[in-house]
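# Remarks on the overall topology
The chain contents come next:
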Amino acid sequence: MEKSNSSYVGCVVQLDLVDMSTCTGRVYTIDPETKNVIICDVEKQDYHLIPGDAILKMKTLEPHDVTNELYNFDDVDQRYFSELLSKSQPGQCSISKEKLLDHFRKLRIPVECMSNGDVVIAGSVTCQEPYSADSCSSSNDIILGRIQSLLSEVTE
């Protein structure tokens, strides 16, 4: 991507993907860390999450026009994006809650499901969606490191 990521927001772009396909739509957002792109198919008014590592090239077809009220991103239902982003994408290091629970139970490490969706592992490590090593936290760095190591075995 030759331009800064934020300059693509609102533009209609064509994405050339590693599988030799293309995807066209209006850019809703670009994750600066993963380079994942959420684009809106204006005709269908549907959104797609394109993993950053699947994008070879991004070409602007139509620049952002602040006067164009054809599609107002302020009206987007945020629940849609939280559901979209919580789904595991190919190549991402996240797993389902069931897979996480199953893995640690097989290792005979106690796991507890909390009402807010978090999982507490070994009584001291909290793991939040998307259930990856990066989404774990604990006040005990030694246990945290060990649990993250065990978790990374599942996501490989």
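Residues numbered from 1 in each chain as written. Predicted model: local features only at pLDDT ≥ 70, side-chain atom pairs only at ≥ 80, totals over all residues. Heavy atoms only, no water.

## Some words on the packing of aromatic side chains
Each aromatic ring pair is characterised by the separation of its centres together with the angle its planes make. Per the counting criterion, the structure on display carries 1 aromatic pair. For the ring pair Tyr28 and Tyr47, a centre distance of 6.1 Å and an interplane angle of 80 degrees mean the geometry is edge-to-face. Of this pair, Tyr28 sits in strand S2 (residues 22-30) while Tyr47 is found in strand S4 (residues 46-50), placing the two residues 19 residues apart along the sequence. Neither residue differs from the other here; Tyr28 and Tyr47 are each classed as buried. (Phe/Tyr/Trp six-rings, centres within 6.5 Å; stacked < 30°, edge-to-face > 60°. Helix = DSSP H or I, 4+ residues; strand = E, 2+ residues; numbered from the N terminus. Buried < 20%, exposed > 50% of the residue type's maximum accessible area, 1.4 Å probe, protein only.)

## What about the nonpolar core?
Ranked by size, the top nonpolar core spans 17 residues in total, and within it Leu100, Phe104, Val119, Ile121, Cys127 and Leu151 carry the most contacts. Mapped by element, the contributors of at least two residues to this core are helix H2 (97-106), strand S7 (119-121), strand S8 (125-127) and helix H3 (141-155). (Core = buried A, V, L, I, M, F, W, Y, C linked by side-chain atoms within 4.5 Å.)

## Regarding the sheet that holds strand S1 (residues 12-17)
The strand order S4-S3-S2-S1-S5 describes an open sheet built from 5 strands, whose pairing is antiparallel. Strands at the two margins of the open sheet, each flanked by one partner only, are S4 and strand S5 (55-62). Put simply, the sheet's adjacent strands are angled 45 degrees from each other on average, direction ignored. Where S2 and strand S3 (residues 37-41) come together, 4 bridges link them in antiparallel fashion. Of the residues in S3, the one forming a bridge with Val27 is Ile39. (Pairing = 2+ DSSP bridges. Axes fitted to C-alpha atoms, helices over the stretch in contact; angles between N-to-C directions.)

## Topic: the pairing of S2
Bridging between S1 and S2 involves 5 bridges; their strand directions are antiparallel. Each bridged residue has a counterpart across the sheet, and for Leu15 the counterpart in S2 is Cys23. Remark: 4 residues form the turn of the hairpin made by S1 and S2, two consecutive strands paired antiparallel; Met20 in that turn has positive phi of roughly 70 degrees.

## Side note on the pattern of salt bridges
As enumerated under the stated definition, the model contains 2 salt bridges in all. Between Arg26 and Glu62 there is a salt bridge, and its shortest N-O distance comes to 3.1 Å. Of this pair, Arg26 sits in strand S2 while Glu62 sits in strand S5; the two residues are 36 residues apart in sequence, bridging distant segments of the chain. The salt bridge involving Lys106 is made with Asp102; its shortest N-O contact spans 3.3 Å. Of this pair, Lys106 and Asp102 both sit in helix H2, 4 residues apart, which is roughly one turn of that helix. Judged by its relative accessible area of 66%, Lys106 falls in the exposed class. For Asp102, a relative accessible area of 39% puts it in the partly exposed group. (Salt bridge = Lys/Arg side-chain N within 4 Å of Asp/Glu carboxyl O.)

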